[in-house]
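# Survey of secondary and tertiary structure
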Amino acid sequence: MRYLPKSPAERKTMLEEIGVAGINDLFASVPAEYRLERDLKIPRQMGESEIVDHFKSAAANNALGYTSFLGAGAYRHYKPVVIDALVQRGEFLTSYTPYQAEITQGTLQAIFEFQTMICELTGMEVANASMYDGSTGAAEAVMMAVRVTGRSEALVAKTVHPEYREVLTTYAQHQGISKGLLGYGEDGRVDLKELEAALTERTACVLVQSPNFFGVVEDIPAIAEIVHKKGALLIVSIAEAISLGAVRPPKEADIVSLEAQSFGVAMSYGGPYCGVMAAKEKYLRQMPGRLCGETKDKRGRRGFVLTLSTREQHIRREKATSNICTNQALVALMATIFMTVYGKEGIRELALHNLAKADYAAKKISAGNDAKLLFNTAPHFHEFVLQTGTNPEELNAQLLEQKIIGGLPLGRWYPELSHATLWCATELTTKEQIDHAASVVAQAAVAAPDMVRA
Amino acid sequence: MATTVIDAELEQASFVGTRHKVSAHLTQNEALIFEKSSPGKKAYRLPPLDVPEVDATALLGDAAREDLGYLPELSEIEIIRHFTRLSTWNYAIDLGMYPLGSCTMKYNPRVNEMVSRLEGIAEAHPYQPESLSQGSLRIIKLLQQCLIEITGMDTITMQPAAGAHGEFTGILLTRAYHQSQGSARRKIIVPDSAHGTNPATAALCGYEVENLASNAHGMVDVARLAQLVTDETAALMLTNPSTIGVFESEIHKIAEVLHAKGALLYMDGANMNALVGKTRPGDFGVDVMHLNLHKTFSTPHGGGGPGSGPVACKKILEPFLPTPVVVEGADGMLRFDYDRPESIGRVRMFYGNFGMFVRALAYILANGPDGLRQTTEDAVLNANYIRKKLEGYYELPYPTPSMHEVVFSDRKQQARGLKTGDLAKRLIDYGFHPYTVSFPLIVPGALMIEPTESESKEELDLFIDAMQQIAREAEENPELVRGAPHSTRISKLDETTAARKPVLRWKPSA
């Protein structure tokens, strides 16, 4: 086996030195009836070229060569080459959590830089080293708000990613946290009147997403004012980190839960991604996850350590702020390098490109007389909701024939939007692709036999 | 210059014996990225816009952003150097043995990285049509089949993002099962030797944690367990082999005691590297368990993640698995089934850390049944070899036979005022990453050493030599050990101040 660095003779020598006759003597503590005396029924050992072929053939059975307008929490952006060149350095790739600070300063300094950049981007005062992803990060943020306020009710906007909401339900159910749902108005934003009416003295927090699941930018200052009047915390979840290049940061929030997949991380069929939590400094000690802090060594030199670990499970056990241990360090490093490559000017320019492409796509694709844009009175980032007379499955089938993956049908989560699809355009979407999709959408209307006027 | 001279002198004075593995070496100094930034530098260039430009303020109104604060501005070469320099300050498996007990720091094969980056795999969108995702779904399906066979369980979910997340999922499954039997029950029993995530998980799932003291051998005290288990016990969370690296040879009795009261046996699979191909948890009575793909199945630790923590379980728990699950249609097409009325719900968006599934499957294919068995045997061989060579130098608190890791204590060195943490830091001067310090909690002053199968005899001998020399230094020059490490870029850091006055981000100097 090519990963095992021992010759048969060396194994024999070692067994002799240990003083046993054979390897199975070292497994004697496993009761005989539970020893596996046969080969595992898994594929036989493959050569490296066979492994590569196996996965190439899998890759070929996926959607290669298609134009895609999918977003909805996983976004296609360009990944600068230097990111992969750097994260594949073994010193980053094959090291562990930096508990031994003297020999992990590289990882630690990079985390410190990551935390700083996240603070700058989100307008928060502190950020952690990462969470699993945006969905679990949002759930952890709600639990954090419950600890901070000592209240037990969470109000969640219906415009938060439906799968984030499902994860929150799973997390909250045994924490004694009750959940209320906030509807959206004609403009696709949180209904402020409904919010005001729903808030009570028991409300620990309000969770909104901005840009929300429909791509609409929420009115964060207005929401914050209403939420804070009742002494609740405002949590803003951001699924598209690049929006922060053009959209003002949610500084009025108490906790921000960000998904940083857009920052140089492959979509990879849904993971690994990179959640991160940022907050006001006064809530620091209730924040879950690892934190990296600056300090000095014995000779006064600057260095970095994991700190405030008394919040964490390995010290506090059942009283910890969370059970999280492993996080997403390498993915956070990708995001850090991405933010460095684009930097202060580039993230803004990139965000403006996304804005321009989506603006063009929204106008062009909704131009046919069978289609119209929903929620277009409020500002959008790079996603938009298209209402069509043709039902979404029919429309998408026609697009697929042209090797185009159209918008995501929303009826699965929003029965009232059974004829609506969620479209996304990024800097990688070309005018030609948009024009092509627009022509198919326009023709689909003509071809659809049971066209319903939207 | 003065510092360099001091460093060299220190190097001369710092060893009683000889370092065989490492020599002094210069590393580059490097400021924080923000301190290197200057306005107008760029490391990117976007293509020209092929659609009309937009006015952000016109589109976004009050929501438009003015400024991105202190995000850095640098050129590409500076970025390459910055992160490359930082990388050289890290120790890594690629540099040498990384004997962190319970972390299974094994070789991370490069072909895994290569295949996970193939375009059709890396660029797959989670919502692209299932008909255009058959490649991804086949990968999930085959990996699931392999993991079910390896664990001896009946079914599996791939959704959890890491080990602790898998524990959370497994205990929620347990809870849902009991609920379906009439009552969720109140308590989870956790041995005092358990990893901290176990009690934290039980609490997160709304359970009371009941502590189970280990017996004189550091193992589950079956008689005591039998007294603790009642019809309010939901499960025992057991790590097997235990955190002292010992197989619970009374595992069948443990399972019987639990099952007799309707409680379940949860296994923390952190130490699965001692079992693969040699014995199967499903055969010895485990009902539900998580795996750590980043431990046993070679996906990279990456400085602390991403991980992946699939949960395998018996048939009785299948109705409760997180949604969605992968199913095969009559036409041979794979798809996701979302219609699972008894499911515990989702624990993560989409389907889990798919990129880690690709790597783990590549590892399994590279090994096959014979390779996986040999891997386990070598991991156990290495730990026992270290144990044999060091048992005269360090106290072995439990003489029970070791599997894939060995736990010593610092009792002998305590006589010289040295603790496990001091000895660990001294290992750094010999060119090794320390072992796991002060864990498990049942061994005061624990040195928890897990070599994994990835170490050659030569590397093991270097490690053994270093540990033996440190034991000698502890006798002859304890001060030298206490001040370690002496040869790193920075010396011991002031963690107290870091926690008391947290500085968690860079700020420009006023």
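Fair warning: this is a prediction, and the values are worked out from it, not measured in the lab. (Residues numbered from 1 in each chain as written. Chains lettered and ligands numbered in written order. Predicted model: local features only at pLDDT ≥ 70, side-chain atom pairs only at ≥ 80, totals over all residues.)

## Remarks on the pairing of strand 4 (residues 233–239) of chain B
Residue and element names in this part refer to chain B. Of all seven residues that make up strand 4, seven are buried, and the element is covered over most of its length. Examined bridge by bridge, strand 2 (residues 187–191) and strand 4 share three bridges and lie parallel to one another. Its bridge partner being in strand 4, isoleucine 189 is matched across the sheet by leucine 236. Handedness of the crossover joining strand 4 and strand 5 (residues 264–268) through helix 11 (residues 251–260): right-handed. (Buried ≥ 20, exposed ≤ 12 C-beta atoms within 10 Å, placed from the backbone. Helix = DSSP H or I, 4+ residues; strand = E, 2+ residues; numbered from the N terminus. Pairing = 2+ DSSP bridges. Right-handed = clockwise from strand over helix to strand, strands pointing away.)

## Details of the packing of helix 2 (residues 48–60) of chain A against helix 7 (residues 134–151) of chain B
Closest axis-to-axis distance for the helix 2 of chain A/helix 7 of chain B pair is 6 Å, and the angle between their directions is 135 degrees. When the axes of helix 2 of chain A and helix 7 of chain B are compared, the pair comes out oblique. Contacts from Ala58(A), Ala59(A) and Ala60(A) in helix 2 of chain A reach Gly135(B), Arg138(B) and Ile139(B) in helix 7 of chain B. Residues belonging to the contact of helix 2 of chain A with helix 7 of chain B are distributed by class as follows: four nonpolar, one polar and one charged. (Axes fitted to C-alpha atoms, helices over the stretch in contact; angles between N-to-C directions. Parallel < 35°, antiparallel > 145°, perpendicular 65-115°, else oblique. Contact = placed C-beta atoms within 7 Å. Nonpolar A, V, L, I, M, F, W, Y, C, P; charged D, E, K, R; others polar.)

## Description of helix 2 of chain A
Residue and element names in this part refer to chain A. End to end, helix 2 covers 18 Å across 13 residues, agreeing with the expected 18 Å (1.5 Å per residue, within 8%). Buried within helix 2 we find Ile51, Phe55, Ala58 and Ala59. All buried residues of helix 2 lie within an arc of 100 degrees about the axis, which places them on one face of the element. Those residues of helix 2 that are exposed and angled more than 90 degrees off the buried face are Ser49 and Ser57. (Expected span 1.5 Å × (residues − 1). Arc of directions from axis to C-beta.)

## Some remarks on the nonpolar core
Membership of the largest hydrophobic core comes to 314 residues, with the highest contact counts inside it found for Val142(A) and Ile235(A). Sorting elements by how many residues they give to this core places helix 11 (residues 329–365) of chain A first, with 23 residues. (Core = buried A, V, L, I, M, F, W, Y, C linked by C-beta atoms within 7 Å.)

## Considerations on the sheet that holds strand 11 (residues 436–437) of chain B
All names here are of chain B. One open sheet accounts for three strands, arranged 10-12-11; its pairing is antiparallel. Looking at which strands have only one partner, the edges of the open sheet turn out to be strand 10 (406–409) and strand 11. Where strand 10 meets strand 12 (residues 446–449), four bridges bridge the pair, whose relative direction is antiparallel. Looking across to strand 12, one finds that phenylalanine 408 is bridged to leucine 447.

## Considerations on the pairing of strand 8 (residues 325–328) of chain B
All names here are of chain B. Pairing geometry for strand 8 and strand 9 (residues 334–337), over four bridges, is antiparallel. Pairing of valine 325 across the sheet is with aspartate 337, part of strand 9. Where strand 8 hands over to strand 9, the hairpin turn is made up of five residues, of which glycine 332 adopts a positive phi near 85 degrees.

## Considerations on the interface of chain A and chain B
Each partner contributes to the interface: chain A provides 161 residues, whereas chain B provides 170 residues. With 24 residues, the single largest contributor to the side of chain A that touches chain B is helix 11 of chain A.

## Quick look at the domain arrangement of chain A
Residues and elements named next belong to chain A. Domain boundaries assigned for chain A yield domain 1 (67–76 + 343–447) and domain 2 (81–339). A straight line from the C-alpha centre of domain 1 to that of domain 2 covers 28 Å. With 24 residues of domain 1 at the contact, the number on the domain 2 side is 23 residues. Going through the elements one at a time, helix 11 and strand 12 (383–388) are the ones with two or more residues in the side of domain 1 that touches domain 2. Top element by residues in the side of domain 1 that touches domain 2 is helix 11. It accounts for seven residues. For the side of domain 1 that touches domain 2, the class distribution of residues is 16 nonpolar, five polar and three charged. (Domains from an automatic or database assignment.)

## Examining the packing of helix 5 (residues 105–122) of chain A against helix 11 of chain A
All names here are of chain A. The N-to-C vectors of helix 5 and helix 11 enclose an angle of 60 degrees; their axes lie 9 Å apart at closest approach. It follows from the interaxial angle that helix 5 and helix 11 lie oblique. In the crossing of helix 5 with helix 11, the sense of the turn from one axis to the other is left-handed. Side by side, helix 5 and helix 11 meet where Thr107, Ala110, Ile111, Glu113, Phe114 and Met117 of the first sit next to Ala329, Ala332, Leu333, Ala335, Thr336 and Met339 of the second. Class assignment for the residues of the contact of helix 5 with helix 11 results in nine nonpolar, two polar and one charged. (Left-handed = near helix turned anticlockwise from the far one by under 90°.)

## What to know about unusual backbone geometry
Among all residues except glycine, the phi angle is most often negative; among peptide bonds, the trans geometry is most common. For the bond running from Ser210(A) to Pro211(A), omega is -10 degrees, close enough to zero to count as cis. Topologically, Pro211(A) is positioned in the loop between strand 5 (203–209) and helix 9 (220–229). Here the bond from Thr323(B) into Pro324(B) is cis, since omega is -5 degrees, no more than 30 degrees from zero. For Ala72(A), which is not glycine, the phi dihedral falls at a positive 60 degrees.

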